[in-house]
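Working through the structure, step by step
Listed here are the chains, written in short residue letters.
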Amino acid sequence: MAWTTPRTWTTGEVVTKAIMDTHVKDNFNMTAPAILTTAGDILYASSANTPARLAKDTNATRVLTNTGTSNVPAWAQVTLTSGVTGTLPVGNGGTGATTLTDGGVLLGNGSGALVAMAVLADGEMIVGDGTTDPVAESGATLRTSIGVGTGNSPQFTGIELSHATANTLTASGGVLSIEGNAVYSAGGTDVPVADGGTGASSLNDHYVLVGSGTAAITPITPGVSGLILTSNGTGSDPTFQAASGVSLGLVVALGG
């Protein structure tokens, strides 16, 4: 059984089984390469009066295309750049949009197409309100939105000065410290001399101040009028004493 040239039929001719077998049945049971032997084979015309067989593709998700030689049928995968039309909606995993603003931040829009924000200007940040679409803000508006405006009271665990972790400024219980060393204590411990303070929370009016190493500055009681601040030797604070108890060395220059 092989393919035969199409028969020219005459008027009144009786169609017999033999004729049908030769010119109909046999033409669908052709010899290779056009014989249909495998489930899934497809018959197509490779040229005029020339049938051919397209074997099935055993790979999954292949479609019939016109990508064969001279655009004859062929199995292939869909080419997204030229093999599809329309816009893939969000509901099918697409964006629903055919163009997006270059540099624009994309916003969801439910089942609608994605929305692109305008390109952010220098210094702008995106701020949301928890309900509507976020917006771009900068300057005082931005600072107020994020809680660091002039009317806000932000709280920080610590601030690193000069971008150095060794200069971390912290505050706790009214005590302002740098790296654990108190530099100010509101209504609390006095800033010690070692940290640039006086070590004292109050200094008497008109008293003379005397250093005491790393201890708090010592105020010297001035006493009554007429007393003189007098040294008491190494290791002792000076005191105000009466002139009569002080040995004075006087040098008198007499001119003639």
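Quick caveat: nothing in here was measured; it's all calculated off a predicted structure.

1. A word on the overall build of the protein chain
- The helix and strand tally for the protein chain stands at 2 helices and 16 strands.
- When the 256 residues of the protein chain are sorted by exposure, 12% land in the buried category.
- Within the protein chain, residue pairs in contact and separated by at least 24 positions form 7% of the contacts whose partners lie at least 6 positions apart.
- Counting only carbon and sulfur atoms, one obtains 55% of the accessible surface of the protein chain, whose full area is about 18300 Å².

2. Concerning a nonpolar patch on the surface
- Nonpolar side chains collect at one region of the surface, where I146, V148, F156, I159 and L161 lie side by side and expose about 430 Å² of accessible area between them.
- Tracing the chain through its elements places V148 in the loop between helix 2 (139-145) and strand 9 (159-160).
- V148 sits in the partly exposed class, given a relative accessible area of 35%.

3. Re the pairing of strand 11 (residues 175-178)
- Pairing between strand 10 (residues 168-172) and strand 11: 4 bridges, direction antiparallel. Note on strand 11: the bridge partner recorded for S172 is V175.
- Hairpin geometry of strand 10 and strand 11 is characterised by an intervening segment of 2 residues between the two adjacent antiparallel strands and by a positive phi of about 60° at G173.

4. Quick word on unusual backbone geometry
- With a phi close to 60°, S70 is a non-glycine residue in the positive phi region.
- Classification of S70 by relative accessible area gives exposed; the value is 70%.
- With a phi close to 65°, N71 is a non-glycine residue in the positive phi region.
- Position of N71 relative to the elements: it lies in the loop between strand 3 (63-65) and strand 4 (74-76).
- Under the relative-accessibility criterion, N71 is labelled exposed at 54%.

5. Considering the environment of N204
- Inspection of the secondary structure puts N204 in the loop between strand 12 (181-185) and strand 13 (208-212).
- Overall, the relative accessible area of 39% leaves N204 in the partly exposed class.
- C-alpha separation for the pair N204 and T221, spaced 17 residues apart in sequence, amounts to 8.6 Å.

6. Some thoughts on the environment of N152
- Secondary-structure assignment places N152 in the loop between helix 2 and strand 9.
- Residues in contact with N152, not counting those within four places in the same chain, are R143, T144 and G147.
- A polar atom in the side chain of N152 sits 2.7 Å from the backbone nitrogen of G149.

7. Thoughts on the environment of V208
- Considering the arrangement of structural elements, one finds V208 in strand 13.
- Along the sequence, V208 and P238 sit 30 residues apart, while their C-alpha atoms lie 9.8 Å from each other.
- Here V208 is in contact with T218, P219, I220, L229 and F240, once residues within four sequence places are set aside.

8. Focus: the side chain of T168
- Structurally, T168 is set in strand 10.
- Not counting chain neighbours up to four residues away, the residues in contact with T168 comprise G158, I159, E160, S177, I178 and E179.

9. Topic: the side chain of T65
- In this fold, T65 is placed in strand 3.
- In this structure T65 comes out as buried when scored by relative accessible area, which is 18%.
- Reaching out from T65, the side chain makes a polar contact with the side chain of T67 at a distance of 2.6 Å.

The rules behind each value
Residues numbered from 1 in each chain as written. Predicted model: local features only at pLDDT ≥ 70, side-chain atom pairs only at ≥ 80, totals over all residues. Heavy atoms only, no water. Helix = DSSP H or I, 4+ residues; strand = E, 2+ residues; numbered from the N terminus. Buried < 20%, exposed > 50% of the residue type's maximum accessible area, 1.4 Å probe, protein only. Contact = heavy atoms within 4.5 Å. Areas by Shrake-Rupley, 256 points an atom, 1.4 Å probe, with all protein chains shown as cover. Patch = residues over 30% accessible without salt bridge, like charges linked within 9 Å, V, L, I, M, F, W, Y side chains within 5 Å. Salt bridge = Lys/Arg side-chain N within 4 Å of Asp/Glu carboxyl O. Pairing = 2+ DSSP bridges. Polar contact = N/O pair within 3.5 Å; in protein donor to acceptor, adjacent residues only side chain to side chain.

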